[in-house]
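# Examining the three-dimensional arrangement
One letter stands for each residue in the lines below.
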Amino acid sequence: KDTIMQLSTRNQWQGTIKAINHGTIVSEVTLEISPEISVTSIVSKSSVENMGLKVGGKAYALIKSTEVTLAID
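Notes on the structure in this doc start here. Counting from 1, residues in each chain are numbered in the order their sequence is written. Thresholds applied to this predicted model are a pLDDT of at least 70 for local features of residues and 80 or more for the giving and counting of side-chain atom pairs; totals over whole chains, interfaces and linings are not thresholded and use all residues. Each side-chain value is worked out from all heavy atoms of the structure, with water and hydrogens disregarded.

### Things to note about the sheet that holds strand β3 (residues 37-44)
Whether two strands pair depends on DSSP finding at least two bridges between them. Helix numbers and strand numbers start at the N terminus; a helix is a DSSP run of H or I with at least 4 residues, a strand a run of E with at least 2. Pairing within the open sheet is antiparallel, and its 4 strands lie in the order β3-β2-β1-β4. What marks the edges here is a single partner per strand, and that holds for β3 and β4 (58-63). Strand-to-strand twist across the sheet, computed as the mean angle between neighbouring axes with direction ignored, equals 45°. Where strand β1 (residues 11-22) meets strand β2 (residues 26-34), 6 bridges bridge the pair, whose relative direction is antiparallel. Paired with Asn 21 across the bridge in β2 is Glu 28. Note on geometry: axes are C-alpha line fits, over the in-contact stretch for helices, and angles between N-to-C directions span 0 to 180 degrees.

### Concerning the pattern of salt bridges
Only one rule defines a salt bridge in this text: a Lys or Arg side-chain nitrogen within 4 Å of an Asp or Glu carboxyl oxygen. Under the criterion given, the structure shown has 1 salt bridge. As a salt-bridge pair, Glu 32 and Lys 18 come within 3.6 Å of each other at their nearest N and O atoms. With Glu 32 in strand β2 and Lys 18 in strand β1, this pair connects stretches of sequence that are 14 residues apart. Among the residues examined, Lys 18 registers a relative accessible area of 44% and is labelled partly exposed. Three exposure classes are used, based on accessible area relative to the maximum for each residue type with a 1.4 Å probe and protein chains only: buried under 20%, partly exposed in between, and exposed over 50%.

Spelled out as C-alpha cells, the structure:
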C-alpha cells in the first residue's frame, strides 16, 4: 500500500526544474509551473543532492505564508 503525503499547505504547484545554480552551501532551484511562470527557491546544496533534483525533473513548489503583500505602481 502506497503512502500519500497530505499537507496543509494550500498553495501547491507541480512543475519542471528549469535551472539549478549551485553555490558553496545553498543552491537556487528554478521551477517552471506553467509557460512563462516560474518560482525560484533557495535550498541547501545537500537537499538538492539528497532529493536527486535534476534539470528536467519534476518537483512541487509548496508556498505557505501568513502574509502576502501586494503593490502597484
